[in-house]
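The residues making up each chain are set out below.
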Amino acid sequence: MPDPLIITVAGVGAELTREQQPNLPLTPDDLAADAAACQAAGASIYHLHVRDAEGRPTMDVDVYRAAHDAIRDASDLIVQFSSGGAVSDSEEDRIAPLQLQPEMATLTTGTVNFGSEVFSNPRPLVERFYLKMRALSIVPEFEIFDSGMVAEASRVIEEHGDGHHLHYDFVLGVPGGMPYWDDSIAFLQSKLPAGATWSATGIGRAHLAVTYEAIARGGHVRTGFEDVRYFEPGQLATSNAQLIARVAEIARAGGREVATSEQARNVLGLTGPRR
Ligand code: KMH
Ligand code: ZN
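From a predicted model like this one, the values you see are computed outputs, not experimental measurements.

Sorry, what's going on with the site of ligand 1 here?
Surrounding ligand 1, one finds E15, H47, H49, S82, G84, G85, V87, T106, F114, F119 and E226. Contacts to ligand 1 include H49, whose side-chain N or O atom sits 3.0 Å from an oxygen atom. S82 places a polar side-chain atom, nitrogen or oxygen, 2.7 Å from an oxygen atom of ligand 1. For ligand 1, whose unbound accessible area comes to 300 Å², protein coverage reaches 98%. Counted by class, the shell around ligand 1 contains three nonpolar, six polar and two charged residues.

Sorry if this is basic, but what is going on with the coordination of the zinc ion (ligand 2) here?
For a metal with four tetrahedral donors the ideal donor-metal-donor angle is 109.5 degrees, whereas six octahedral donors ideally subtend 90 or 180 degrees. The coordination sphere of the zinc ion (ligand 2) contains the protein donors H47 (NE2), H49 (NE2) and E226 (OE), at a distance range of 2.1 to 2.2 Å. Each donor residue of the zinc ion (ligand 2) lies on one chain, and together they are spaced H-x1-H-x176-E. You can see H49 sitting in the loop between β2 (45–48) and β3 (50–51) and its partner E226 sitting in the loop between β12 (220–223) and β13 (230–232), a full 177 residues away along the chain.

Please clarify how the side chain of D34 should be interpreted in this entry.
By the element assignment, D34 lies in helix α1 (residues 28–41). Apart from the residues lying within four places of it in its own chain, the contact partners of D34 are G11, P25, Y46 and N240.

What am I meant to see in the packing of aromatic side chains here?
One pair of aromatic rings is described through two measures. These are the centre distance and the angle between the planes. Applying the stated criterion across every chain, the model contains seven aromatic pairs. Note on F114 and F119: the rings are 6.1 Å apart at their centroids and 70° apart in plane angle, and the pair reads as edge-to-face. Seen in terms of ring centroids, F119 and F145 are 5.7 Å apart; in terms of plane orientation they differ by 75°. Their pairing is edge-to-face. In this pair, F119 sits in strand β8 (residues 117–119) while F145 sits in the loop between β9 (139–144) and α5 (148–160), placing the two residues 26 residues apart along the sequence. Owing to a relative accessible area of 7%, F119 belongs among the buried residues under this scheme. The exposure class of F145 is buried, given its relative accessible area of 8%.

Would you take a moment to explain the packing of α1 against helix α8 (residues 240–253) for this structure?
Each pair of packed helices can be summarised by the angle the axes make with each other and by the distance between the axes. At a minimum axis separation of 8 Å, α1 and α8 run at an interaxial angle of 15°. Classed by the angle they form, the pair α1 and α8 counts as roughly parallel. The hand of the α1/α8 crossing is right-handed. Counting all contacts with α1, which are made through D34, A37, C38 and A41, the residues of α8 involved are N240, A241, I244, A245 and A248. Its residues assigned to classes, the contact of α1 with α8 comprises seven nonpolar, one polar and one charged.

What's the story with helix α7 (residues 207–216) in this structure? I'm lost.
Count 3.6 residues to each turn of an α-helix, and residues three or four apart come out pointing the same way. Among the residues making up α7, those that are buried are H207, V210, T211, E213, A214 and I215. Those residues of α7 that are buried are in contact with β10 (167–172), α6 (184–190), β11 (197–202), β12 and α8. In the segment just after α7, G218 is the residue with positive phi, at about 85°.

So, how was this worked out
- Residues numbered from 1 in each chain as written.
- Chains lettered and ligands numbered in written order.
- Predicted model: local features only at pLDDT ≥ 70, side-chain atom pairs only at ≥ 80, totals over all residues.
- Heavy atoms only, no water.
- Near = heavy atom within 4 Å.
- Polar contact = N/O pair within 3.5 Å; in protein donor to acceptor, adjacent residues only side chain to side chain.
- Areas by Shrake-Rupley, 256 points an atom, 1.4 Å probe, with all protein chains shown as cover.
- Nonpolar A, V, L, I, M, F, W, Y, C, P; charged D, E, K, R; others polar.
- Donors = N, O, S within 2.8 Å, 3.2 Å for Na, K, Ca; no water.
- Helix = DSSP H or I, 4+ residues; strand = E, 2+ residues; numbered from the N terminus.
- Contact = heavy atoms within 4.5 Å.
- Phe/Tyr/Trp six-rings, centres within 6.5 Å; stacked < 30°, edge-to-face > 60°.
- Buried < 20%, exposed > 50% of the residue type's maximum accessible area, 1.4 Å probe, protein only.
- Axes fitted to C-alpha atoms, helices over the stretch in contact; angles between N-to-C directions.
- Parallel < 35°, antiparallel > 145°, perpendicular 65-115°, else oblique.
- Left-handed = near helix turned anticlockwise from the far one by under 90°.

Written as structure tokens, this is what we have:
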């Protein structure tokens, strides 16, 4: 039996604007409502980017604190901070919010083209972020935008790992990163260490195909406005919860249970929120 399906909502991101997606949550109040609705629809993790008062992406610690508190007050979701931020964010800005000790945080283990820009993650940054996360008992989710990042994660774990649970997220279809080919997921899955868990998300058009394949392979799924704006071609999604509900429906139709936050914590080796 596969584990119950962990559904992550990547509800905000750093790139999308309200002009592109009018239902994008921005403020702590928006995030509280979004988190509660996504939990009711079947999500167990909130992958969190935050925005300033003008709606611009930021790594400001106080903004992260307010957002974290709002989601924790409104839901039991596992909050997973982004340490990737936006491509323009500095290393110092990206590491700062970790001091708030979320249960999880993302860690991208390599540099990748990101459209016409570069998402920069040199080895020293990866090691520094990893050590900081582990010093604060934060469980990393390794963000895999390309296959070499699996090897780089293995190297960091071998050199600095302390036996924590290993969890990965395959992000397929970023322009410049690994596309969703028909063997992408099978290949990446085959390279993971024994006992690891993984989720997958497809950016844009590949989104639903990735969802179906991840569920069928016993993996987990990420969805939300960061990854997909449209519910169907030409039809914007009305909410993150609408996207979550569709994943839950697909899973249940195929006989796969959808995880509660507590079940997700058990699968991921999390001991519970610090607030
Ligand atoms: N916004 C991207 C440049 C993460 O959250 O860890 C990086 C990103 C990855 O979204
Ligand atoms: Zn992100």
